[in-house]
Each structure stands twice: as C-alpha cells, then as structure tokens.
Amino acid sequence: MASSSRSPADGPARGGTPVRSDRSPWNWLLLVPIVVPLIVPLYNHLEPSLFGWPLFYWLQLAFVPLGVLTTVLVYRATRRSPEERAAARAAVERDAARPTVTRDQER
Amino acid sequence: MDGVNVVELTIVIVLFLVVTVMGFVASRWRRAESLMHLDEWGLGGRSFGTWITWFLLGGDLYTAYTFVAVPALVFGAGAAGFFAVPYTVVIYPLVFLVVIRLWSVSHVRGFVTPADFVRARFDSPVMALLVALTGIVATMPYIALQLVGIEAILKAMGVEGELPLVVAFVILALYTYNSGLRAPALIAFVKDTLIYLTIIVAVIVIPTKLGGWDAIFGAAEEKFSAGTGAGVLLPATGQLGYATLALGSALALFLYPHSITGVLAASNRDVLKRNMSALPVYSLALGFIALLGFMAIAAGVTPIGEDGNTIVPVLFQEMFPSWFAGIAFAAIGIGALVPAAIMSIAAANLFTRNIYKEFLKRDATPRQEAQVAKVTSLVVKVGAVAAILFIDPQFSIDLQLIGGVIILQTLPAVALGLYTRWLHRGALIAGWVAGMAAGLLMLYNIQRLGPDGSVVREHFGGSSFALAKLGLDVQSSVYAGFLALLVNLVVTVLVTAALRAAKVPDGVDGTAEADYTAEREDPTFRDLPDPLESAPPGTGDAGARR
C-alpha cells in the first residue's frame, strides 16, 4: 500500500518514453458495429430472406464482416509509421532472443 | 458399458492422447530458461504473436460450453438464443481501444491480473481484493461448466460413469501444472482446426440431408408456432432483453480474468488490434453452430434424458458416419480443455498476486509465487470436478449466470479506470456493493416458467428481469446484469462527487499517463510483474524490486 504511493503521480515517465495518444477521429467509426447490431427492430423480420435464411439470421451474420471491416479500417488508419513499427519488431526479436532470467539480471 | 460406440470412442481417445502429449511437450515450446517464474508459467513469457494469440484467445473465449449450450438454447428458445452472434460482434469494436491500454499499462507496471491494476491505479487494496474475489467466484463455475460439455459427448457415445471425466481433468491439471499457459496455447491449434473442420462439414452435409435451409427454418417455425413466446423471430417484448443481454455479455467478457490473461500474453499492441479484426471469424462459426439447434429440430432430435445439452452430439451422431462424429466429439472435448486450463491459470494468478502475496505473505519470492500459483491451479480444477460430481450441475449453471452479472460490477474500476482516475476509491467500493446487491436481488426474483406458463423454479430462473417488477407499465424485460451495472455506475458517480466535495483523500495513482500508450520498444516496457513495489518506470532498479 505504501509502496505504490512512492511512484510519481503524473507527468511524463522518465527514461524517454514518448508521450503518445490513442486519440483519432477514426475511432468514432468503431461505434457503427457496436450500435447497429443492437438495433433489434432493424433485423427482427422474416423477409427479405436469403438462401432460405430469414432476415433475422443472415443479417446478423452479415454484421460480422461489418465489424471486421471497421476494425481493419481503424487499425490501418491509425497505425504508426513504418519506422516505428520496425523498431517495435526489432524489440520483440531482441527480447525473444534473450531468456527471461538474463533480462531480469540486466535490470 | 453396453451401447458404447467403439469407433467414436477410439477416435476421441486417440485425439485426446495427442493433445495430452502436446500439453506436456509445450513446456519446451518457445522455451525460457526457467518456468519457475509467474510470468513464464502464467503468461507464457508474454511473447505470443498474432497467430498464437488468435488461437489462444479464440480457444479461451469460445468455450466447449458455448458450443454445446448455444445450440441447445436455440433448440429450446428459438431466436432469443441467437444473441450470441450480436454479442460476439459488438465485443471487438467495443474493447478495441481498451485492451491495448490495459496491455500497455500492465507491461510498464508489471500487472498480471486486473486486480493488480486496480490496486496501483486507485491505491486501494480493498477494491483490488474485491476485484480478485469477484474474478475467482465468476471463473470457478465457468470451469465446472466445461465439464458439462465433456459430459454431453460422453453421454452421446454411451459412456457411463464419472471416471472418464475425472481422468480427463486429472491429465489436464497435470500438464497445466507442468507447462502453464503454453499448454493451452499449443492445444488450441488442434482444438480450432477440429472445430472449424466440424462446422464446415456440418454446414454443408446436414442441410443437404435435411432438404435445405428452407426446410430447417420451416421445421423450427412449425415447432414454435404452438409454443409460448419463443419463435424464429423475437416477440416485441423480447427485443430490449435481447439487445441488453448481447451488450451486457459483451461488456462482461473481457472483464473475466481468463480473457485478460490471454490479452496480456500478446507480444505487442498491434497483435491485439489485429486480433480484434481476426477473432470475429469465430463469431461467424458460432452463428453456424447456433443454427445447429434448428437443424436438430428439423432432424427430429430428442435430447438424451432431460439434458438439452446433448442435442448437438446426438445430431452429429445421426448425420455423420461414426468416424467423423468421433472427430466432432473430440473437437468439443478438447474445446473444453483449453478454456478450463486458461481459466484455472487466471484464477490461480488472482489468488497468488492479490490474496496470497497481498495478505498472507508479503515477501514471497517469484519462485514461491509461481509455486503457489501452480498449486492453486490444481486446487481450482479439483474444485470444479467436485462441483460437477457432488453437487447438481444445475448449481454450476446457475452460478455461471450469476458470474456474468457479478463480473460486470468490476467494470467501473477495471475498464473505466483505464481512462479516468476521477472515480474515487471509496465510491468504487460503494458502487460495487450496490451493483452486487441489486444484481443478486434481481436474479433471486426471476422465476422460470414452464411451457404451460406454470412456475418451474421460484428463484434464479434466468437473467432476464421483467421491468414490470419495478412498477413500470411495460411488458419488456432487461438483462439483470445490465441493470445492476447501471445501479453501480450511478452510485459510483454520486459517491465520487460527494467524496470529492468532502475532500476525502483518494490515494496516489501508481501509474502515469504515458504508461497507457507505451509500446513494446519503449524503455519503460518490462515483463516482470511486481506492483507491490512499483518503482517509478524507467529507473531500472530491478535489483531493488527482486
């Protein structure tokens, strides 16, 4: 309990961590696949049916690709620059090459 | 042992042996020098890439029980059972931005469990304890329910007695003990391959045999046309309940400790984001699985005994040749092992970090922590088997229903806490108490009605709470967990405002703003958990921490 109060409350972290932000106008797009599948009157009908499937079933399954599409779009649009991503991959490989125990001792 | 299907049983046993060997070999897979560290054992070294994370989370979130219970629900209740589809569609965009913040702050501060985060963020060991206890209580029946899935396939194969169930879980317990999170991650490959194979074959073969989709939906319509309320479409009064159940379940899923364990094991933020787009493939599969319920109606399947969960195994048996039914059964059986392993690891982590180390042994070494976690994972599984064998399985089903409602009560602390520290620790506790009380009270007052409208069960008969009971003049009902969460949020906000006005100290935030967006390559990134001595990030004083 006392220990956590030792750490600084606010401000940029030491050690040169860049202050980033997850904010982006693209994120609003995520609301579409959250809200649309919850509007039940939209799909609570038999017709139009598709391949013998009532609307209720095929439309709700069609919301799956809608969700995939929006998350892919938001991911691509908010991705970091190629240089930063290369640095991230390098860090993963570097860590993977070293066993945990050694990493532990290095710190 | 009369009437045992030898072909099916042989195939199931062979596949089970294959995953058992994999489970033990997993400890050497992507090997670290020592497994005797909680991070290695419980989080698989936190280095899982996109593919492994996809299999692991998929195996973790879409459990055997889901695969058996969802079609059983559609079989019995029609359209209402299809809520599993919108539920698993809205969940990924919903948590898309949340899980990456949790991942970052956990890796900077070394959190292994959601309770670790709450403790540091709100400087409140009490709230952390509540989150840990809620997580354990909600997870335990979930593990027990995986056994219900195995039981269903055993019944269909004509195997009697409880010994096979016990043997399966003992083996599972041993290789989880031995290999930690690596075991389910590796086995998940087999499980998902078998599940996808089964579904693809089922969706092609069964409708052909039954005379097409028209006939399948037609048979369902005919069955429900006589009944009460249930149907191929939702009744007007069921729509609000359908939407709130989907949303409430989606909010709850990533609060479960086993989901968080899977998330934290990812190697970086992009892996998680990509998985939010890739995991819906399982939702598509789940949609088809749900429709197995209607196929069972069209095929005239009758459940074995009173157990509605057996309809899918019986359907497979009637539609497939024995050898393929065996593969499908193995898929369900192995599908039970993966989540059971991850859930028991997650429950063990919670106990070790937030109860044992916090309240019982403050100076536990990493080796002791890992040892306690391993033993706890054994105890948890023994408890799950005992719950199924000695207590009515219905008890576990009821508890799991309650589990979804109570895990939602950790949302303000765990999920909102990732975005704001405005909420006061005292208010979070008050909100949790209020939400719990409201949720349990509602569940207690839900009756289950039989097909003829008579009361079958007086209490805990479901999760859909009639708004009329609150004196509202409407016919609709709402998911009880959703309503309880609203109560929780209102209390949390009001009490926060009061406590802030009264200038009650709210502790010190153990995290910094930059933690929440930290990336893998940042100097603050670490993989060693230790929130109890959370030193400032980036000071590199591991010597002091260890």
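Just above, that's the structure.
Bear in mind the structure is a predicted one, so any value in this text is a computation, not a measurement. (Residues numbered from 1 in each chain as written. Chains lettered and ligands numbered in written order. Predicted model: local features only at pLDDT ≥ 70, side-chain atom pairs only at ≥ 80, totals over all residues. Heavy atoms only, no water.)

*Asks:* Tell me what's going on with the overall build of chain A, and back it up with residues and numbers.
*Replies:* Along chain A, the regular secondary structure elements total four helices and zero strands. Looking at the 107 residues of chain A, the share that counts as buried comes to 39%. Summarising the internal contacts of chain A: among those between residues at least 6 apart in sequence, 40% fall at separations of at least 24. Accessible surface for chain A amounts to roughly 6,100 Å². Of this, 66% is attributable to carbon and sulfur atoms. (Helix = DSSP H or I, 4+ residues; strand = E, 2+ residues; numbered from the N terminus. Buried < 20%, exposed > 50% of the residue type's maximum accessible area, 1.4 Å probe, protein only. Contact = heavy atoms within 4.5 Å. Areas by Shrake-Rupley, 256 points an atom, 1.4 Å probe, with all protein chains shown as cover.)

*Asks:* How would you explain a nonpolar patch on the surface if you had to name every residue and give the values?
*Replies:* All names here are of chain A. A contiguous nonpolar patch, built from W28, L31, V35, I39 and L42 and spanning about 500 Å² of accessible area, is present on the exposed surface. Here V35 is to be found in helix α1 (residues 31-35). Overall, the relative accessible area of 42% leaves V35 in the partly exposed class. (Patch = residues over 30% accessible without salt bridge, like charges linked within 9 Å, V, L, I, M, F, W, Y side chains within 5 Å. Salt bridge = Lys/Arg side-chain N within 4 Å of Asp/Glu carboxyl O.)

*Asks:* Tell me about the pattern of salt bridges, and please be specific about residues and values.
*Replies:* All names here are of chain B. Under the counting rule described, the total for this entry stands at 13 salt bridges over all chains. A salt bridge links R421 to D509, with the shortest nitrogen-to-oxygen separation between them at 4.0 Å. With R421 in the loop between α19 (411-414) and α20 (425-444) and D509 in the loop between α21 (480-501) and α22 (542-545), this pair connects stretches of sequence that are 88 residues apart. For R421, a relative accessible area of 16% puts it in the buried group.

*Asks:* Lay out the packing of aromatic side chains with the relevant residues and their values.
*Replies:* Tallied over the full model, the rule gives 28 aromatic pairs over all chains. Between W53 of chain A and W213 of chain B the ring centres are 4.8 Å apart and the planes differ by 55 degrees, which places this aromatic pair in the tilted class. Residue W53 of chain A is found in the loop between α1 and α2 (55-77), and its partner W213 of chain B is found in helix α10 (residues 212-225); the two belong to separate chains. According to the relative accessible area criterion, W213 of chain B is buried, its value standing at 14%. Between F56 of chain A and Y242 of chain B, the ring centres sit 5.7 Å apart and the planes meet at 50 degrees, which makes this aromatic pair tilted. With F56 of chain A in helix α2 and Y242 of chain B in helix α11 (residues 239-253), the pair connects residues from two separate chains. Judged by its relative accessible area of 0%, F56 of chain A falls in the buried class. Through a chain of ring-to-ring contacts, the aromatic side chains of Y43, W53, F56, Y57 and F63 of chain A together with F82, W213, F217, F224, Y242, F288 and F294 of chain B assemble into a single cluster. (Phe/Tyr/Trp six-rings, centres within 6.5 Å; stacked < 30°, edge-to-face > 60°.)

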